Amino acid sequence: MDRSEDLKQVRDLHLVRDERDREVEAAAGLRAGNAVVLVSQLLSAVCLLQDDPAWMALLSLTLVWGGVKGFWRFRQDQERIYLVWGLLTCAGAAALLLAYLMPSLRRMFTTGSAVALALFTALAAVLSVVA
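Bear in mind that the values here come from a model prediction, so they are computed numbers and not experimental data. The residue count restarts for each chain, going from 1 along the sequence in the order it is written. Given that the model is predicted, a residue must reach a pLDDT of at least 70 before its local features are reported, and side-chain atom pairs must reach 80 or more before they are shown or counted; all residues, however, enter totals for whole chains, interfaces and linings. Excluded from the side-chain calculation are hydrogens and water; included are all heavy atoms of the structure.

**Looking at the overall build of the chain**
By definition, any uninterrupted DSSP run of H or I lasting at least four residues is a helix, any uninterrupted run of E lasting at least two residues is a strand, and each is numbered from the N terminus. The helix and strand tally for the chain stands at five helices and zero strands. The buried label goes to any residue with under 20% of its type's maximum accessible area, the exposed label to any with over 50%, and the partly exposed label to all in between, with areas taken from a 1.4 Å probe on protein chains only. Classification of the 131 residues of the chain by burial places 22% in the buried group. In the chain, the share of contacts with a sequence separation of at least 24, taken over all contacts with a separation of at least 6, comes to 47%. The contact criterion used is simple: two residues touch if any of their non-hydrogen atoms lie within 4.5 Å.

This is the structure:
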C-alpha cells in the first residue's frame, strides 16, 4: 500500500477526525439538545396537568438551554443582549429549581444551602459555555 491508500483507509475507518466529522458531531449535538428540550417541555406539561411539582424542574431545563444559547451567542458576537438573555434565563432556571427543591431541602438543609445549590446549578450552565 502506498501513502495515499493508507490515508484513505484511515479516513474510511474514522480513525482521524476531520472537519466533516466535527460538523456532523455538532449537528448531532444540536438535534439531541433540541429533542431533550422538547421532551422536557412535554413532560413538564404532563406534570403540571397532574399537579406534580416536577414540572418546575423539567421546565428549568428549557431555561438552562436558553441560557446556554444566550451565553454562547454572547461569546461569539459580544453583544450585551445575549449576555442579559443568558443571565435572565439561568436566573429563571435557578428560581424554578429552588422552588422545586425547597420543600425537601427545608427538611435537610438551611435555606442558604438551598440557594447555594440553585446558584451552583446556574453557574454550571455558565461554565459549560466558557470551558
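Additional details are given in the paragraphs that follow.
**As for the environment of alanine 118**
Counting through the fold element by element, alanine 118 comes out in helix α5 (residues 111-130). Between the C-alpha atoms of alanine 118 and leucine 101, which are 17 residues apart in sequence, the distance is 8.8 Å. Among all residues touching alanine 118, those that are not within four sequence positions of it are Ala94 and Leu98.

**Some details on the nonpolar core**
Buried Ala, Val, Leu, Ile, Met, Phe, Trp, Tyr and Cys residues form a nonpolar core when they are joined through side-chain atoms within 4.5 Å. The biggest cluster of nonpolar side chains holds six residues, and these are Phe71, Cys90, Ala94, Ala118, Ala122 and Ala125. When contributions to this core are tallied by element, the ones reaching two or more residues are α4 (80-108) and α5. Top element by residues in this core is α5. It accounts for three residues.

**Quick look at the side chain of serine 60**
Turning to its location among the elements, serine 60 is positioned in helix α3 (residues 54-77). For serine 60, a relative accessible area of 2% gives the class buried. Those residues within four positions of serine 60 in sequence are excluded, and the remaining contacts are Ala93, Leu96 and Leu97.

**Digging into the packing of helix α2 (residues 19-49) against α3**
A fitted line through C-alpha atoms serves as each axis, taken over the contacting stretch for helices, and the angle formed by two N-to-C directions is quoted from 0 to 180°. Running from amino to carboxyl end, α2 crosses α3 at an angle of 155 degrees, the nearest separation of the two axes being 8 Å. By the angle class used here, α2 and α3 are roughly antiparallel. For the pair α2 and α3, the crossing hand works out as left-handed. Facing α2, whose interface residues are Gly33, Asn34, Val37, Ser40, Gln41, Leu43, Ser44, Cys47 and Leu48, α3 presents Ala54, Trp55, Leu58, Leu59, Leu61, Thr62 and Trp65. In terms of residue class, the contact of α2 with α3 is made up of ten nonpolar, six polar and no charged. Small angles under 35 degrees read as roughly parallel and large ones over 145 as roughly antiparallel, with 65 to 115 read as roughly perpendicular and the rest as oblique. Note on convention: the crossing is left-handed when the near helix lies turned anticlockwise from the far helix by less than a right angle, right-handed when the turn is clockwise. Nonpolar residues are Ala, Val, Leu, Ile, Met, Phe, Trp, Tyr, Cys and Pro. Charged residues are Asp, Glu, Lys and Arg, and all others, Gly as well, are polar.

**As for the environment of glycine 66**
If you trace the backbone, glycine 66 turns up in helix α3. Here the alpha-carbon distance between glycine 66 and threonine 89, two residues 23 residues apart in the chain, equals 6.3 Å. Here glycine 66 is in contact with Trp85 and Thr89, once residues within four sequence places are set aside.

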